Amino acid sequence: GGGGRTGGRRGRGGPGGRQGHADHGVARGGGARDIGQAAQGMVGRDRGQALDDRLRGRIERRFPFTLSASQRQAIEEIAHDMAEPVPMNRLLHGDVGSGKTAVATYAMLLAVAHGYSAVLMTPTEVLARQHVRTLRHLLRASRVRIAYCGGGQTAAEKRQLQESLEAGDVDI
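Source: prediction; values computed, not measured.

Draft legend 1. Highlighting the side chain of His131. Counting through the fold element by element, His131 comes out in helix 5 (residues 125-138). Assessed through its relative accessible area of 12%, His131 is described here as buried. Once residues within four sequence positions are removed from consideration, His131 is found in contact with Thr101, Leu120 and Thr122.

Draft legend 2. The pattern of salt bridges, seen in detail. Counted under the stated rule, the structure contains six salt bridges. Close ionic contact of Arg56 with Asp53 constitutes a salt bridge, the shortest N to O distance being 2.7 Å. One end of the pair, Arg56, and the other, Asp53, are both in helix 2 (residues 53-60), three residues apart, so they sit about a helical turn from each other. The salt bridge partner of Arg56 is Glu76, with a shortest N-O separation of 2.8 Å. Of the two residues, Arg56 is situated in helix 2 and Glu76 in helix 3 (residues 69-82); the sequence distance between them amounts to 20 residues. Within the structure, one salt-bridge network assembled from shared partners comprises Asp53, Arg56 and Glu76.

Draft legend 3. Highlighting the packing of helix 3 against helix 4 (residues 100-113). Two elements in contact, helix 3 and helix 4, have axes whose closest approach is 10 Å; the angle formed by their N-to-C orientations is 30 degrees. Judged on the interaxial angle alone, helix 4 and helix 3 are roughly parallel. For the pair helix 3 and helix 4, the sense of crossing is right-handed. On helix 4, the residues that touch Gln71, Ala74, Ile75, Ile78, Ala79 and Met82 of helix 3 are Ala102, Val103, Tyr106, Ala107, Leu110 and Ala111.

Draft legend 4. Inspection of helix 3 at higher detail. With 14 residues, helix 3 extends 20 Å from end C-alpha to end C-alpha; this agrees with the ideal 20 Å at 1.5 Å per step. Every buried residue belonging to helix 3 is among Gln71, Ala74, Ile75, Glu77, Ile78, Ala79, Asp81 and Met82, and all of these are buried.

Draft legend 5. Broad picture of the nonpolar core. Counting residues in hydrophobic clusters, the biggest one holds 28 residues, and the most contacted among them are Leu51, Ile59, Tyr106, Leu110, Leu139, Val144 and Ile172. The element that contributes the greatest number of residues to this core is helix 4, accounting for nine residues. If near-sequence neighbours (up to four positions away) are discounted, Leu139 is found in contact with Arg62, Leu109, Val144, Ile146 and Ile172.

Draft legend 6. Local environment of the layout of surface pockets. Of the voids in this model, the second largest pocket is the one considered here, and its volume is about 440 Å³. Forming the boundary of the second largest pocket are 22 residues, of which Val119, Leu120, Ala147, Tyr148 and Cys149 lie nearest the centre. Elements with a contribution of two residues or more to the lining of the second largest pocket: helix 5 and helix 6 (155-166). With five residues, helix 5 is the single largest residue contributor to the lining of the second largest pocket. Of the residues in the lining of the second largest pocket, the class split is 15 nonpolar, five polar and two charged.

Draft legend 7. Representation of a positive patch on the surface in the model. Taken together, the side chains of Arg54, Arg58, Arg61 and Arg143 make up a positively charged region of the molecular surface. Considering the arrangement of structural elements, one finds Arg143 in the loop between helix 5 and helix 6.

Draft legend 8. Representation of the packing of aromatic side chains in the model. Overall, the coordinates contain two aromatic pairs when judged by the stated rule. When the ring of Phe63 is compared with that of Phe65, the centres are 5.5 Å apart and the planes differ by 50 degrees; the resulting orientation is tilted. A relative accessible area of 41% means that Phe65 is categorised as partly exposed. For the ring pair Phe63 and Tyr106, a centre distance of 6.3 Å and an interplane angle of 10 degrees mean the geometry is stacked. Of this pair, Phe63 sits in the loop between helix 2 and helix 3 while Tyr106 is found in helix 4, placing the two residues 43 residues apart along the sequence. A relative accessible area of 1% means that Tyr106 is categorised as buried. Three or more aromatic residues link up through ring pairs in this structure, and these residues are Phe63, Phe65 and Tyr106.

About the thresholds
- Residues numbered from 1 in each chain as written.
- Predicted model: local features only at pLDDT ≥ 70, side-chain atom pairs only at ≥ 80, totals over all residues.
- Heavy atoms only, no water.
- Helix = DSSP H or I, 4+ residues; strand = E, 2+ residues; numbered from the N terminus.
- Buried < 20%, exposed > 50% of the residue type's maximum accessible area, 1.4 Å probe, protein only.
- Contact = heavy atoms within 4.5 Å.
- Salt bridge = Lys/Arg side-chain N within 4 Å of Asp/Glu carboxyl O.
- Axes fitted to C-alpha atoms, helices over the stretch in contact; angles between N-to-C directions.
- Parallel < 35°, antiparallel > 145°, perpendicular 65-115°, else oblique.
- Left-handed = near helix turned anticlockwise from the far one by under 90°.
- Expected span 1.5 Å × (residues − 1).
- Core = buried A, V, L, I, M, F, W, Y, C linked by side-chain atoms within 4.5 Å.
- 1 Å grid on protein atoms, 1.4 Å probe; cavity = no way out; pocket = protein on both sides within 12 Å on 5 of 7 lines; lining within 4 Å.
- Points joined across faces, edges and corners; volume = space filled by probe spheres on them.
- Nonpolar A, V, L, I, M, F, W, Y, C, P; charged D, E, K, R; others polar.
- Patch = residues over 30% accessible without salt bridge, like charges linked within 9 Å, V, L, I, M, F, W, Y side chains within 5 Å.
- Areas by Shrake-Rupley, 256 points an atom, 1.4 Å probe, with all protein chains shown as cover.
- Lys, Arg positive; Asp, Glu negative; His and termini not counted.
- Charge placed at Lys NZ, Arg CZ, Asp CG, Glu CD.
- Phe/Tyr/Trp six-rings, centres within 6.5 Å; stacked < 30°, edge-to-face > 60°.

These figures capture arrangement, not role.
Here's what the structure looks like:
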């Protein structure tokens, strides 16, 4: 299932910004430029085709379960917004076990499929490490390159990660 509500606005409230809410656990927020750059760039490549049937199948095969109707609705909205020229920033919220990580993973894979990298931010290092383990397990048979960044890393580890990011060697 997918509890929660949405709210806020898409982009910076300019042309194309929408108000809205639903039951699928995606909140629209103010437009952070770094996140929104992927949305702007995807338009130039695939306007209106952020999520076609072939790509949908490739991504969904990564999950060991069937996505719920609420998850599918959230994913469709995210995919639609990623194909728009307006920057977006989203907060995905819902009850524990409602499938937030699956929706976030899907959105990240959609960005990666279009040639971008993605970041999943968490409030704690423990949760970040848990998500990295989950992502590596889900994507073990894929070409998606995953890296971990946390406060407990050494300066050398952070430098190495920075170099990998700059070289385009990290997808998530």
